[in-house]
Amino acid sequence: MNTRVVGATLFVKLMSVYREKTTMFFTLAFPIILILVFGTIFMGKDNVNFQLYVQDLDQSKTSATSVETLGESGKFRIIRVDPAADVTQYIRDNKVDLVLVIPKGFEVAFMQRTVLRDYKASVNITYIYDPSSSTVSTKMEILNGVLAGINLEMSRMPPFLRSAEQSILNKKYKFIEFFIPGIIAMAVMTLSLFGTVNLNTELRQKGIIRKLSTTPITRTEWILSDILYQFIIAVVSTTAMLLVSYAVFDVNLHLNAWLPAFILLNDFAFVGIGMILTRFVKEAQSAAAAANAISFPMMFLSGSFFPIELMPGFLQTLAKTLPLYYVNEGLRAAMIFDDNLAALRASAVIGTFAAVVFILGIIATKWEEG
Amino acid sequence: MTRANDYAIEVENLTKRYGGVLAVDDISFTVKIGEVFALLGPNGAGKTTAVEIIDTIRTPTSGKVSILGMDVSKKKYDIVRRIGVLPQGFSSFDRITVRETLQYYARLYRGRNTDIDRLIELVNLKDKSKEQYRNLSGGLRQRLGIALALVHDPEVVFLDEPTTGLDPRARHEVWEVLQGLKEEGKTVLLTTHYMEEAELLADTVAIISRGKIIAMGSPGELIETNANYQILTLRSADEKVFEIVRKLGFEPVLYNSDKIKIRVEHTEGVQQILSAIKEGGASYLGLDVRKPNLEEVFLKLTGEALHDGHIGEEGSA
Ligand SMILES: Nc1ncnc2c1ncn2[C@@H]1O[C@H](COP(=O)(O)OP(=O)(O)O)[C@@H](O)[C@H]1O
Ligand SMILES: [Mg+2]
């Protein structure tokens, strides 16, 4: 292995792409477009608050204040339903899943309780709901919690059991922050895989590989230069993606040495797969098709775009056999959760895979022809 | 020195089979150090297959090939440092300049001090050295390819159809470069289907047809032993000329609609034909008598033309 040979080969490949500006532009633009599109789609989804439909039959000052208080809890956006409306019909007509009904006599009962200290006075708040809605039970639970809080408040007794919330995450993350590491993993995979397959089939068809086979360059030198070349492209592409993400979506991610480490491992693995493909699929077009056949399932099944927890169990098991899954996991562990241990575990898996594939790639690469 | 070291290339019983096709059929030859050796044959004869096995690009079905005393199947890595190859249909990195390409290939041979400028001058690419490969014409590309084959000052040079696809001017420019190599005393193995190229450049020519070497020797020897006659060409549209020549017992061939070619065993035959035409009251516009070339040798040996169409059109340039 001669580093000057690797360096010279790297230079030739970099100059070739640098001088082909349009290709380079589209290579860099594609993942950025993905981030912009998905980021925009999911931008609103981060501050989820439920819409709460309320029908106030009491129409009193107290009932109005209570409804306002519900709204101020921050968990609901209150929408008022006309007291004259038939709620069941209203639910059907407006595709609403739940309407909270404040009964007539609410204020009277409230006064009896607070002013006259009549502890028997109570009032029924009715939930009229559509059980076929998937979110309605969550909504009712939250409502129950809020109502329990109000009851407690009114009893004026300090609570004995208090709850303190502590998320396992150091901070809440936005969807776009979940999405970006997945797109980086996906982009580096496609760049490495297609870059390698396209470059090598093109050079083979042009006969350049044949000429190189009559020089002392070794397969290891050639593939290493491929890996470095794709790594540089991947770093440029990732930098561009991050700049756009920070500028447009104001994301907050942990950027540390794990990021280049996972890019490099991802790159090793998929350049290796690319070399193996190039060896066995002779035609440039079928090689590109084979690369597609590998990268597409990888993209959609390994959790690049959405958490694999959303998929059925057998697909989750399948996902865990895909190398890209470990890049996704590792990058998310590092960039979102700042979890070094999880990142280390993921890097061990993808690292082992990359080493095996890289060696197979060297073995598969054949300079001589039949 | 052992006997083996007098030879740059030794090929023994080389055979290459592709499925049912015998691309190279049991060929043997040797190339001495300093010799320019040409494999001459039509398309599909097996030249590229043979030369690519010899210069380590392909592997043989059977047979033995040594370069500078080293077996190509065992010492590829040592051999490639001492040979330079211009593959058939040579191509290079589109967006890399002439100079950069030369520097790159020089680097592949690890740290020798290559005089790039001298190479650029040798193949006459001085004013194109900053041009990217994709902007070069066919002739310039071939010249760059030749320079790349020489970048590490190799002992043996392989050139597979160095002038195919070039226009006549570009071809002559490449020939000039190759004659320079010959004068430098490089060992060259050349393949071509242009008899003129073989005749001009080669010390030894091996004629190859359907995978077999059917004749081998210096161009002069090959012509002497296989085509010991003269060729008389008459330019005339007069149909009578054709008839008169035929009645004399010759076998005239009409081509290009107004040329008649006659193979004549002895010089007296020429006299005989010309007098008979005069006596018969026919006329011709021009005549040419020449010795046969390798084209005719090939026709004689195989019954086929080296090129499509009639023989002799590329004739004496
Ligand atoms: N890689 C290959 N696979 C199958 N057949 C081949 C291959 N290379 C050459 N041939 C066949 O071998 C014969 C000789 O081809 P080639 O060596 O290219 O001839 P030439 O260089 O003289 O034109 C042809 O019939 C060709 O079709
Ligand atoms: Mg050929």
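Residues numbered from 1 in each chain as written. Chains lettered and ligands numbered in written order. Predicted model: local features only at pLDDT ≥ 70, side-chain atom pairs only at ≥ 80, totals over all residues. Heavy atoms only, no water.

Visitor: Got a minute to help me understand unusual backbone geometry in this structure?
Guide: The phi angle of most residues is negative, glycine excepted, and most peptide bonds adopt the trans form. A positive phi angle, near 55 degrees, is found at Arg117(A), a position not held by glycine. For Arg117(A), the position within the fold is in the loop between helix H5 (106–114) and strand S4 (126–129). When its relative accessible area of 51% is taken as the criterion, Arg117(A) is described as exposed. At Asn124(B), a position not held by glycine, the phi torsion is positive, near 60 degrees. Tracing the backbone through its elements, the reader meets Asn124(B) in the loop between helix H4 (116–122) and helix H5 (138–149). What makes Asn124(B) exposed here is its relative accessible area of 53%. (Helix = DSSP H or I, 4+ residues; strand = E, 2+ residues; numbered from the N terminus. Buried < 20%, exposed > 50% of the residue type's maximum accessible area, 1.4 Å probe, protein only.)

Visitor: I'm lost on the nonpolar core in this one. Help?
Guide: Soluble globular proteins: nonpolar side chains tend toward being buried together. Core analysis: the largest hydrophobic core is formed by 142 residues, its most contacted members being Trp222(A), Leu102(B) and Tyr104(B). When residues in this core are grouped by element, the largest group, 18 residues, is from helix H7 (residues 175–206) of chain A. One finds Val11(B), Val31(B), Ile54(B) and Ile83(B) within the second-largest nonpolar core, a separate group that totals 27 residues. (Core = buried A, V, L, I, M, F, W, Y, C linked by side-chain atoms within 4.5 Å.)

Visitor: I'm lost on the site of ligand 1 in this one. Help?
Guide: All names here are of chain B. In the neighbourhood of ligand 1, the contacting residues comprise Tyr18, Val21, Ala23, Pro42, Asn43, Gly44, Ala45, Gly46, Lys47, Thr48, Thr49 and Arg58. One nitrogen or oxygen atom from the side chain of Arg58 is found 3.2 Å from a nitrogen atom belonging to ligand 1. Protein chains shield 62% of the accessible area of ligand 1, which is 560 Å² for the free molecule. Elements represented by at least two residues in the shell around ligand 1 include exactly strand S2 (21–32) and helix H1 (47–54). Looking at the shell around ligand 1, the element that brings in the most residues is H1, giving three residues. Here the shell around ligand 1 is composed, by residue class, of five nonpolar, five polar and two charged. (Near = heavy atom within 4 Å. Polar contact = N/O pair within 3.5 Å; in protein donor to acceptor, adjacent residues only side chain to side chain. Areas by Shrake-Rupley, 256 points an atom, 1.4 Å probe, with all protein chains shown as cover. Nonpolar A, V, L, I, M, F, W, Y, C, P; charged D, E, K, R; others polar.)

Visitor: Just to check I follow, could you spell out the packing of helix H3 (residues 61–72) of chain A against H5(A) for this structure?
Guide: Two packed helices can be described by the angle between their axes and the distance between those axes. Residue and element names in this part refer to chain A. Where H3 contacts H5, the two axes come as close as 7 Å, and the packing angle between them is 90 degrees. Considering their axes alone, H3 and H5 lie roughly perpendicular with respect to each other. Here H3 contributes Lys61, Thr62, Ser63 and Ser66 to the contact with H5, which in turn contributes Phe106, Glu107, Phe110 and Met111. (Axes fitted to C-alpha atoms, helices over the stretch in contact; angles between N-to-C directions. Parallel < 35°, antiparallel > 145°, perpendicular 65-115°, else oblique. Contact = heavy atoms within 4.5 Å.)

Visitor: In this structure, what is going on with the coordination of the magnesium ion (ligand 2)? I would like to understand it.
Guide: Each pair of donors in an ideal octahedron of six around a metal sits at 90 or 180 degrees, and each pair in an ideal tetrahedron of four sits at 109.5 degrees. Around the magnesium ion (ligand 2), the protein contributes the donor atoms Thr48(B) (OG1) and Gln88(B) (OE1), at 1.9 to 2.2 Å from the metal centre. Of the two residues, Thr48(B) is situated in helix H1 and Gln88(B) in the loop between strand S6 (83–86) and helix H3 (98–108); the sequence distance between them amounts to 40 residues. (Donors = N, O, S within 2.8 Å, 3.2 Å for Na, K, Ca; no water.)

Visitor: Quick question: what am I supposed to make of the domain arrangement of chain B here?
Guide: Put simply, an interface is often sized by how much accessible area is lost when its parts join up. Residue and element names in this part refer to chain B. Looking at the assigned domains, one finds that chain B contains domain 1 (4–218) and domain 2 (225–316). Each of domain 1 and domain 2 was reduced to a C-alpha centroid, and the two centroids are 36 Å apart. Broken down residue by residue, the surface that domain 1 buries against domain 2 is led by Pro42, Met195 and Ile207, which jointly contribute 40%. Applying the counting criterion to the domain 1 and domain 2 interface returns zero salt bridges. Scanning the region where domain 1 abuts domain 2 turns up zero residue pairs in polar contact (both at pLDDT 80 or more). If you list the elements that add at least two residues to the side of domain 1 that touches domain 2, you get helix H7 (195–201), strand S9 (204–209) and strand S10 (212–217). Counting residues per element, the side of domain 1 that touches domain 2 draws most heavily on S9, which supplies four residues. (Domains from an automatic or database assignment. Buried area = accessible area lost by both parts, 1.4 Å probe. Salt bridge = Lys/Arg side-chain N within 4 Å of Asp/Glu carboxyl O.)

Visitor: Explain the interface of chain A and chain B to me, please; I cannot follow it from the model alone.
Guide: Chain A puts 28 residues into the contact, and the matching count from chain B is 34 residues. Here chain A packs against chain B, burying approximately 2,900 Å² in sum over the two surfaces, 58% of which is carbon and sulfur. Counting the surface chain A buries against chain B, the share from its top three residues, Arg19(A), Lys211(A) and Pro216(A), is 24%. Inspection of the chain A/chain B interface yields five salt bridges. A salt bridge links Arg19(A) to Glu100(B), with the nearest nitrogen and oxygen atoms 2.9 Å apart. If you look at where chain A meets chain B, you find nine residue pairs in polar contact (both at pLDDT 80 or more). Every element with two or more residues in the side of chain A that touches chain B is listed here: helix H1 (3–18), H7, helix H8 (208–212) and helix H9 (219–249) of chain A. At eight residues, H1(A) tops the list of elements feeding residues into the side of chain A that touches chain B.

Visitor: What is the right way to look at the pattern of salt bridges in this model?
Guide: Pairing is possible between side chains that carry opposite charge, provided their charged atoms lie close to one another. Residues and elements named next belong to chain B. For the structure shown, the criterion picks out 21 salt bridges over all chains. For the salt bridge of Glu161 with Lys47, the shortest nitrogen-to-oxygen distance reads 3.5 Å. On the criterion of sequence distance, the pair formed by Glu161 in the loop between strand S7 (156–160) and helix H6 (168–184) and Lys47 in helix H1 is long-range, its members being 114 residues apart. Judged by its relative accessible area of 5%, Glu161 falls in the buried class. Among the ionic pairs, Lys186 bridges to Asp153, the shortest N-O distance being 2.8 Å.

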